[in-house]
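Per-entry structural report
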Amino acid sequence: MKNHLMFLVLTSLLALLAGCSGCSGNGKAKDSGKDSGTGSDADSDSDADADSDNDTDTDADSDSDSDSDSDSDSDGDTDTGPQPLPPGCEVIEPMTSVMSGWTAFRSIDDDYLVWRWMDYSKQPNQYVLVARQLSTGKQTEVLRQASPLMIDTPAVFQNQIYFAREMDLGDAYTREIFQIVIGKTKEEQVTFNNNASASGEPIAGNDLAVYLFGDKEDGGISGPTGLKIVNVPTHKQTIIDPTAGSPTGYAFDGARWVAWLTNSGYLYKYDIQNPSLGAQSVSPEQYGAFNMAFNHDTHELVMGLCKNNVTNDCDIYIWNMETNAKEAIVTDPFDQGNLDYDGHVIAYVDSQASGARWFDSSLGEVRIVDRDTRVIRVVSPLDHNYGASIWSHWMAFNNVGAWGDSVILCDLLKGKFVDKDGHVVPAPDAGPDGGK
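Owing to the predicted nature of the structure, the values given are computational and were not obtained by experimental measurement.

Here we look at the overall build of the protein
- If you tally the helices and strands in the protein, you get 3 helices and 27 strands.
- By the burial criterion, 57% of the 436 residues in the protein qualify as buried.
- For the protein, contacts bridging at least 24 residues in sequence account for 49% of all contacts bridging at least 6.
- For the protein, the accessible surface area stands at approximately 16,200 Å², while carbon and sulfur atoms represent 48% of it.

Have a look at this one:
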């Protein structure tokens, strides 16, 4: 069975560009969950899909006898098939090769959810980029191309989709960034490195993309170099990471702010509107990250902030990019992260129900918390869940367990998790604490 690995937690850009998770849907080094960062990885990703177990949690009776067992195991299921979906939720179809076709918080924005699936019924295999309009449910096949024309790690901002492609399939050193506008039929190449530098893992913005890069030197990648931003109309690329080595987590609000953790755990920011300021330190403390993301409207940064540059005791904090002030949102036991933030709501994965660190078990509940009231709801039960993403009252996440290897899309309003104003509704049995 597939070895599911966390797609965007990068221990080094060299590994990424040499053919692991941001590079193809096949063998990947364990990332901390697409969109899950760690002290050594930190979700540079958008992630989802990160466990290292091989089971699919279907709890089937595997013996060859003719008994009809009644499920005396302790997992609580009834062996009658997949678990019921949470209210208001559905499995996204078609979806195959989830790991590099789904990029969590990068995959959702402004009424669109995007992903790439693999059509293996065709020869050669075909890469298919799909956009779903959330308000109507209409799905559009944006781009379909036969191998070797790769479509990998898509990211959306408004109606602009960015993705990475190996110009020479199988050679990660040839990776470039492309853009296509929903409604158009042809992609546009936006980086031109001519094999001198490899580019990958884009985060989309308004005619801008932030991405990882590695320079090629003496016939090979010299090492993880850091972050760049490309201006699509001019194709101008700017280095924004001043540190040596790959950032252990990064995020982009699509218009102004880029934030990242250096590989030694220091948080920096870059103001696109004031580029002469260069990279600016946000905090003198060292952290790890269980990924990070921006609220595109408030321009606040949310982070699964892990203590002392390691991957444990990860809590949810919000940062103000103007003042560098941080605010604790969730500080529960064990790990909270793999998150995204829109409106009043932060969607995240929480491992406390497992009684273990997420980085040890890759088990977590999918939860939402109200940024203002701090009301918390469990949306999806404990399982191998990764890479929560949210826009308006729509949330999506990757599940590798009860529903196979899939992406689940939830209408939180329909499921009565949020109200019409976008605030989290306390659970019916929440009690006087409002479900916290």
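Some details on the state of the cysteines
- Inspection of every chain in the model, using the stated rule, returns 2 disulfides.
- With a sulfur-sulfur separation of 2.0 Å, Cys89 is cross-linked through a disulfide to Cys410. The sign of the 110° torsion about the S-S bond sets the Cys89-Cys410 disulfide as right-handed. Of this pair, Cys89 sits in strand E1 (residues 89–91) while Cys410 sits in strand E27 (residues 404–411), and the two are 321 residues apart along the sequence.
- According to the relative accessible area criterion, Cys89 is buried, its value standing at 13%.
- In the protein, the cysteines engaged in disulfides, taken in order along the sequence, are linked 1-4, 2-3.

Concerning the packing of aromatic side chains
- Here the structure, examined in full by the defined rule, presents 7 aromatic pairs.
- Each ring, one from Phe290 and one from Trp358, has its centre 4.8 Å from the other, and the planes form 45°; the classification is tilted. Separated by 68 residues along the polypeptide, Phe290 in strand E17 (residues 279–294) and Trp358 in helix H3 (residues 358–361) bring together distant segments of the chain. As far as burial versus exposure is concerned, Phe290 and Trp358 are alike and both buried.

Remarks on the sheet that holds strand E2 (residues 108–109)
- Here 4 strands make up an open sheet; going across it, the order is E2-E3-E4-E5 and the pairing antiparallel. The sheet is open, and its two borders are formed by E2 and strand E5 (139–146), each paired with just one other strand.
- Sheet analysis places E2 next to strand E3 (residues 112–119), joined by 2 bridges and oriented antiparallel. When the sheet's bridge partners are listed, Asp109 is paired in E3 with Tyr112.

Some thoughts on empty space enclosed by the protein
- What the rule picks out here adds up to 1 cavity of 30 Å³ or more.
- Phe105, Ile108, Asp109, Phe294 and His296 are, among the 17 residues lining the largest cavity, the residues nearest its centre.
- Broken down by secondary-structure element, the contributors of at least two residues to the lining of the largest cavity are E2, strand E6 (152–157), strand E10 (197–204), E17, strand E21 (336–342) and strand E25 (385–391).
- Broken down by element, the lining of the largest cavity gets its largest block of residues, 3 residues, from E21.

Overview of the pattern of salt bridges
- The tally for this structure, following the rule as stated, stands at 18 salt bridges.
- Residue Asp315 is joined to Lys307 by a salt bridge in which the shortest nitrogen-to-oxygen separation is 2.5 Å.
- Take Lys307: its relative accessible area is 27%, and that puts it in the partly exposed class.
- In this structure, the salt-bridge partner of Asp360 is Arg357, at a minimum N-O distance of 3.8 Å.

Structural notes on the pairing of E6
- In terms of residue burial, E6 counts as a mostly covered element, since 6 of its 6 residues are buried.
- Inspection of the sheet shows E6 paired to strand E7 (residues 160–166) by 4 bridges, in the antiparallel sense. Along E7, the bridge assignment pairs Phe157 with Gln160.
- Linkage of E6 to E7, two consecutive antiparallel strands, is achieved through a turn of 2 residues, within which Gln158 is found at a positive phi near 55°.

A closer look at unusual backbone geometry
- Omega for the bond connecting Glu93 with Pro94 falls within 30 degrees of zero, at -10°, which places this linkage in the cis form.
- Along the chain, Pro94 turns up in the loop between E1 and helix H2 (98–101).
- Omega for the bond connecting Ser147 with Pro148 falls within 30 degrees of zero, at 20°, which places this linkage in the cis form.
- At His235, a position not held by glycine, the phi torsion is positive, near 65°.
- If you trace the backbone, His235 turns up in the loop between strand E12 (220–231) and strand E13 (236–239).
- A positive phi angle, close to 55°, is found at Ser362, a residue other than glycine.

As for the side chain of Ser107
- When you line up the elements, Ser107 lands in the loop between H2 and E2.
- Taking relative accessible area as the criterion, Ser107 reaches 0% and is therefore assigned buried.
- When residues no more than four places from it in sequence are discounted, the contact partners of Ser107 are Trp102, Tyr112, Leu113, Val114, Pro154 and Val156.

Comments concerning the environment of Pro381
- By the secondary structure assignment, Pro381 is in strand E24 (residues 376–383).
- Overall, Pro381 belongs to the partly exposed group, its relative accessible area being 34%.
- In this structure, the C-alpha to C-alpha distance between Pro381 and Val366, residues 15 residues apart in sequence, is 6.7 Å.
- Non-local contacts of Pro381, meaning those with residues more than four positions away in its chain, are made with Gln83, Gly364, Glu365 and Trp403.

Observations regarding the sheet that holds E25
- Pairing in this open sheet of 4 strands is antiparallel, and the strands run E1-E27-E26-E25 from one edge to the other. Looking at which strands have only one partner, the edges of the open sheet turn out to be E1 and E25. Ignoring which end each strand starts from, the neighbouring axes of this sheet average 20° apart.
- Sheet topology places E1 next to E27; 3 bridges connect them, and they run antiparallel. When the bridges of E27 are listed, Cys89 appears paired with Cys410.

Criteria and cut-off values
Residues numbered from 1 in each chain as written. Predicted model: local features only at pLDDT ≥ 70, side-chain atom pairs only at ≥ 80, totals over all residues. Heavy atoms only, no water. Helix = DSSP H or I, 4+ residues; strand = E, 2+ residues; numbered from the N terminus. Buried < 20%, exposed > 50% of the residue type's maximum accessible area, 1.4 Å probe, protein only. Contact = heavy atoms within 4.5 Å. Areas by Shrake-Rupley, 256 points an atom, 1.4 Å probe, with all protein chains shown as cover. Disulfide = S-S within 2.5 Å. Phe/Tyr/Trp six-rings, centres within 6.5 Å; stacked < 30°, edge-to-face > 60°. Pairing = 2+ DSSP bridges. 1 Å grid on protein atoms, 1.4 Å probe; cavity = no way out; pocket = protein on both sides within 12 Å on 5 of 7 lines; lining within 4 Å. Points joined across faces, edges and corners; volume = space filled by probe spheres on them. Salt bridge = Lys/Arg side-chain N within 4 Å of Asp/Glu carboxyl O. Axes fitted to C-alpha atoms, helices over the stretch in contact; angles between N-to-C directions.

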